[in-house]
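Here is what each chain is made of, one letter per residue.
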Amino acid sequence: MSVLVIVEPNNGTINKGGFELATFGKLTAGQDKCLVLVVGKASNAGDLGIYGADEVYEIDQVPVHDSAVYSKVIADASEKLSCHTVIIKANANGKATAGRVAIKLGAGLVSAANSVPESTGGQLQVKRGVFSGKAFATYAITTDKKVITVLGNSIQPKEMGSATSVQSLQVDVPPSTIEVVAKETLSGRAPLPEAELVVSGGRGFKGPENWNILLDLADALDATTACSRPVADADWRPHHEHVGQTGIAIRPNLYIAVGISGAIQHLAGVNNSKTIVVINKDPEAPFFKAADYGIVGDLFEVVPKLTEEIKKLKAGA
Ligand SMILES: Cc1cc2nc3c(=O)[nH]c(=O)nc-3n(C[C@H](O)[C@H](O)[C@H](O)COP(=O)(O)OP(=O)(O)OC[C@H]3O[C@@H](n4cnc5c(N)ncnc54)[C@H](O)[C@@H]3O)c2cc1C
């Protein structure tokens, strides 16, 4: 029996998030094999072997937007490859799919795991955040078959093998009842759930016309941009940038919060960041309590100076 990891390529390439899952799968598998199923085509699929995959399979022509079809393909692949555990990324597709896969396999499911499960006596103990990230809970999956979804940035990809060949996997792909009529691809930096560096702005920016100050800082750091909810609600920034309890939950290595007060609902989505830097002109802003580093000052003065210094540092001056 093996562990099956599901990886979706992005524009024909597997990115860091896919390699993270391979490492997560290998560490979960222990003495068992870690098999990775790439749903779609990826030029670098063989590199999954470097990060923990013992075998890599590829399956094309699966409509990942249709969770009914996607989940059937994953469940069938899991049965065909004799896997006891299926690992899926906790992104929009993963959330829509994992429950269906678990039902088809008769498996216990834990969603949004944030660390490698521990195996004790045939059970898997899976840890995840609860109460908006203020506490952790550990769940034991007692069923023979198991499904786990994993948050981005839960683990760093680890080199533990070498590139491997990619085998084609044959399973029936039923016709989809959903038709995609438009597709908008977001270009640019790493998507928020996978980003290691995030700079984020709040109402302190006063309006969208000042956002270039934050974008310049993001450019200098090669960081992904985020915002507080009122900023997205006011259409200063797109909704997919909204982080927090009702937005995206992220866990980057560095989160720089600029002109954001640090309300509990905002913190719920960002307090698992490894390092938090807060820039706010109000020394009493609640965000400072959650910060590793804080700058009390006017963002319109502080941020351009910070950007300049980062550019100089990067230029080796
Ligand atoms: C059910 C519910 C769910 C919610 N979900 C979310 C969520 O998911 N995400 C989220 O973000 N919010 C969420 N909220 C809203 C949340 O409670 C706060 O209202 C919101 O986070 C505040 O956004 P802000 O910090 O950008 O704005 P404000 O609270 O207005 O804070 C602006 C900050 O900018 C500072 N500032 C102003 N001018 C400057 C300057 N020149 N230089 C430096 N600093 C300056 C101020 O001191 C202040 O601290 C939710 C609320 C509810 C009720």
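Rules behind the numbers
- Residues numbered from 1 in each chain as written.
- Predicted model: local features only at pLDDT ≥ 70, side-chain atom pairs only at ≥ 80, totals over all residues.
- Domains from an automatic or database assignment.
- Contact = placed C-beta atoms within 7 Å.
- Near = placed C-beta within 6 Å.
- Helix = DSSP H or I, 4+ residues; strand = E, 2+ residues; numbered from the N terminus.
- Pairing = 2+ DSSP bridges.
- Axes fitted to C-alpha atoms, helices over the stretch in contact; angles between N-to-C directions.
- Parallel < 35°, antiparallel > 145°, perpendicular 65-115°, else oblique.
- Left-handed = near helix turned anticlockwise from the far one by under 90°.
- Nonpolar A, V, L, I, M, F, W, Y, C, P; charged D, E, K, R; others polar.
- Buried ≥ 20, exposed ≤ 12 C-beta atoms within 10 Å, placed from the backbone.
- Core = buried A, V, L, I, M, F, W, Y, C linked by C-beta atoms within 7 Å.

**Student:** Account for the domain arrangement of the protein, with residues named and values stated.
**Tutor:** Where interface size is quoted, it is often the accessible area lost as the parts come together. In terms of domain boundaries, the protein breaks down into domain 1 (2–168) and domain 2 (192–315). Computed over C-alpha atoms, the centres of domain 1 and domain 2 are 31 Å apart. Contact residues are listed per partner, giving 9 residues for domain 1 and 8 residues for domain 2.

**Student:** Break down the site of the ligand for me, citing the residues and quoting the values.
**Tutor:** As a matter of local geometry, the ligand sits amid 25 residues, with Gly202, Gly204, Ser228, Gly244 and Gln265 nearest to it. Of all the elements in the fold, those that place two or more residues in the shell around the ligand are α5 (229–233), α6 (264–270) and α8 (299–315).

**Student:** For the pairing of strand β8 (residues 135–141), give the residues involved together with the corresponding values.
**Tutor:** Pairing of strand β7 (residues 123–130) with β8, which is carried by 7 bridges, proceeds in the antiparallel orientation. Its bridge partner lying in β8, Arg128 is registered against Ala137. The antiparallel hairpin formed by β7 and β8 contains 4 residues in its connecting segment, where Phe131 sits at a positive phi of about 50°.

**Student:** Break down the environment of Asn114 for me, citing the residues and quoting the values.
**Tutor:** Structurally, Asn114 can be placed in the loop between β5 (108–113) and β6 (118–120). Considered as a pair, Asn114 and Leu4 are 110 residues apart in the sequence and their alpha carbons are 18 Å apart. Those residues in contact with Asn114, other than ones at most four positions away along the chain, are Lys127, Arg128, Gly129, Leu151 and Ser154.

**Student:** I'd love a proper account of the packing of helix α4 (residues 212–221) against α8, names of residues and values included.
**Tutor:** Relative orientation of the contacting elements α4 and α8 amounts to 20°, with a least axis distance of 9 Å. Our classification of the angle between α4 and α8 gives roughly parallel. With respect to the hand of their crossing, α4 and α8 are arranged in left-handed fashion. Counted together, Ile213, Leu214, Asp216, Leu217, Ala220 and Leu221 of α4 and Phe300, Val303, Pro304, Leu306, Thr307, Ile310 and Lys311 of α8 form the full contact between these two elements. Its residues assigned to classes, the contact of α4 with α8 comprises 10 nonpolar, 1 polar and 2 charged.

**Student:** Talk me through unusual backbone geometry; I want residue IDs and the actual numbers.
**Tutor:** A positive phi angle, close to 50°, is found at Asn11, a residue other than glycine. If you trace the backbone, Asn11 turns up in the loop between β1 (2–7) and α1 (16–29). Backbone geometry places Ala112, a non-glycine residue, at a positive phi of 60°. Structurally, the position occupied by Ala112 is in strand β5. The class for Ala112 is partly exposed, based on 18 C-beta atoms found within 10 Å.

**Student:** Can you explain the pairing of strand β11 (residues 197–201)? Please cite residues and give values.
**Tutor:** The element β11 is largely enclosed, with a buried count of 4 among its 5 residues. Both β11 and strand β13 (residues 254–258) contribute to a ladder of 5 bridges, which runs parallel. Note that in β13 the partner of Ser200 across the bridge is Ala257. In terms of strand pairing, β11 meets strand β12 (residues 224–227) through 4 bridges, oriented parallel.

**Student:** Kindly report on the nonpolar core, identifying the contributing residues and their values.
**Tutor:** Counting 52 residues, the largest nonpolar core has Val5, Ile6, Val36, Val38, Leu48, Ile87 and Val147 as its most contacted members. If one sorts the elements of this core by residue count, strand β2 (residues 33–39) sits on top with 6 residues. Ignoring anything within four residues of it in the chain, the contact list for Val5 reads Leu21, Ala22, Gly25, Cys34, Val36 and Ile87. Counting residues in each nonpolar core, the second largest holds 35 residues, with Ala218, Val231, Ile256 and Ile279 among its members.

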